[in-house]
Amino acid sequence: MSSNHSTGQQGPAARQAAMAERVLADGTATAAELAERFGVSLMTIHRDLDELERQGIVRKFRGGVTAQPSGVFESNVQYRLKTMRAEKAAVADRALKLVEPGMAIMLDDSTSTLEIARRLRLGEITPLTIVTNFLEAINLLSDQRGIHLMALGGDYDPLHSSFLGVSCVEAIEQLRVDVCFTSTSAVRGGYAYHQEQHIVSVKRAMLDAAARNVLLIDHTKLARVALHRVVPLSRFDLLLVDDGASAEALRDLDEHKVTYEVCARTGPEAATVTKGSDDRAGAT
């Protein structure tokens, strides 16, 4: 218990940083657990959680705190970077096959498209023009030869580590790219959904600016909704999802005539199961 008390004695800023790291790693925590771990009172914990909530890092609920998304709130980018990594890698590996030298591509501020940026950083597909509003991707690609990087400006949002707002939308409207890779929070009933309206406007502008649109999602986003409809799934030329998708969720895509591929999570050389294949049920 002494180590917990020493943590508490480091001051509120250090304690809040450690608390945020723990909640982002675990997804959720109760106030009582945090009070015991950090050796401070429940009243102090609630003050700390109020500050972390104000910063957009976590959300409070009765008796505890969470970093996980809901139908109304998006999760912090640091939490999203830690989750569903194998699933995101699988769809990114498949998406990479759609990129050819000389293309102009757009990446949104999702951690799914960040996996594409990680692969493009290797410099095996050049020259490329890459347009993005995601600071994580900008930092990753800023020093790469053969990549012409266009950073979309706007109002910086630390929760998403991206640039948003009217000025970002206006910048997108001046461009035309070959392919836009994007992700959303939920997919159901023939629509893509997201929790936050200011994110929706940027994603819609990106889709309008591309000759071809590809949606990347992990299987946990299927058969779910969020507060705002983004666009009908018919706006996407292709939907990529990992092989954790259930047969029922894939039937919903079939019923709405969505073109999709199910991507195996066993690495870049894994086969994909295409819509209409007899093997699709086995892949899920």
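In this report, the structure presented in the accompanying data block is examined.

**Some remarks on helix α10 (residues 197-208)**
For α10, which comprises 12 residues, the first-to-last C-alpha distance of 17 Å matches the rise-based estimate of 16 Å (1.5 Å per residue) to within 8%. For α10, the complete set of buried residues consists of I199, V200, V202, K203, A205, M206 and L207.

**Examining the pairing of strand β12 (residues 210-217)**
Burial analysis of β12 places six of its eight residues in the buried class, which makes it a mostly covered element. Across five bridges, the pairing between strand β9 (residues 177-182) and β12 is parallel. The residue of β12 that forms the bridge with C180 is N213. As judged from the four bridges shared by β12 and strand β14 (residues 238-242), these two strands associate in the parallel manner. Following the sheet pairing, I217 is matched in β14 by V241.

**Considerations on the sheet that holds strand β1 (residues 28-30)**
Read from one edge of the open sheet, three strands run β1-β3-β2, paired in antiparallel fashion. Two strands lie at the open edges of the sheet, namely β1 and β2 (59-61), each paired on one side alone. Across this sheet, the average inter-strand angle for adjacent strands is 25°, counted without regard to direction. Relative to strand β3 (residues 64-66), β1 runs antiparallel, the two being bridged by three bridges. Opposite A29, over in β3, you have V65 as the bridge partner. The strands touched by helix α4 (residues 42-54) within the sheet are β2 and β3, with β2 carrying the most contacts at an inclination of about 135°.

**Quick notes on the nonpolar core**
Ranked by internal contacts, the top residues of the largest apolar core, which has 36 residues, are I172, L233, L239 and L253. When residues in this core are grouped by element, the largest group, six residues, is from α10. The contact partners of L253, leaving out residues within four places of it in the chain, are V187, L222, L233, L239, V258 and Y260. Residues M103, L128, A137 and L140 belong to the second largest nonpolar core, which totals 28 residues.

**Some thoughts on the packing of helix α3 (residues 31-38) against α4**
Relative orientation of the contacting elements α3 and α4 amounts to 110°, with a least axis distance of 9 Å. Considering their axes alone, α3 and α4 lie roughly perpendicular with respect to each other. For the pair α3 and α4, contact is made by A31, A32, L34 and A35 and by L42, I45, H46 and L49, respectively. Each residue belonging to the contact of α3 with α4 can be placed in one class, and the counts come to seven nonpolar, one polar and no charged.

Analysis parameters
Residues numbered from 1 in each chain as written. Predicted model: local features only at pLDDT ≥ 70, side-chain atom pairs only at ≥ 80, totals over all residues. Heavy atoms only, no water. Helix = DSSP H or I, 4+ residues; strand = E, 2+ residues; numbered from the N terminus. Expected span 1.5 Å × (residues − 1). Buried < 20%, exposed > 50% of the residue type's maximum accessible area, 1.4 Å probe, protein only. Pairing = 2+ DSSP bridges. Axes fitted to C-alpha atoms, helices over the stretch in contact; angles between N-to-C directions. Contact = heavy atoms within 4.5 Å. Core = buried A, V, L, I, M, F, W, Y, C linked by side-chain atoms within 4.5 Å. Parallel < 35°, antiparallel > 145°, perpendicular 65-115°, else oblique. Nonpolar A, V, L, I, M, F, W, Y, C, P; charged D, E, K, R; others polar.

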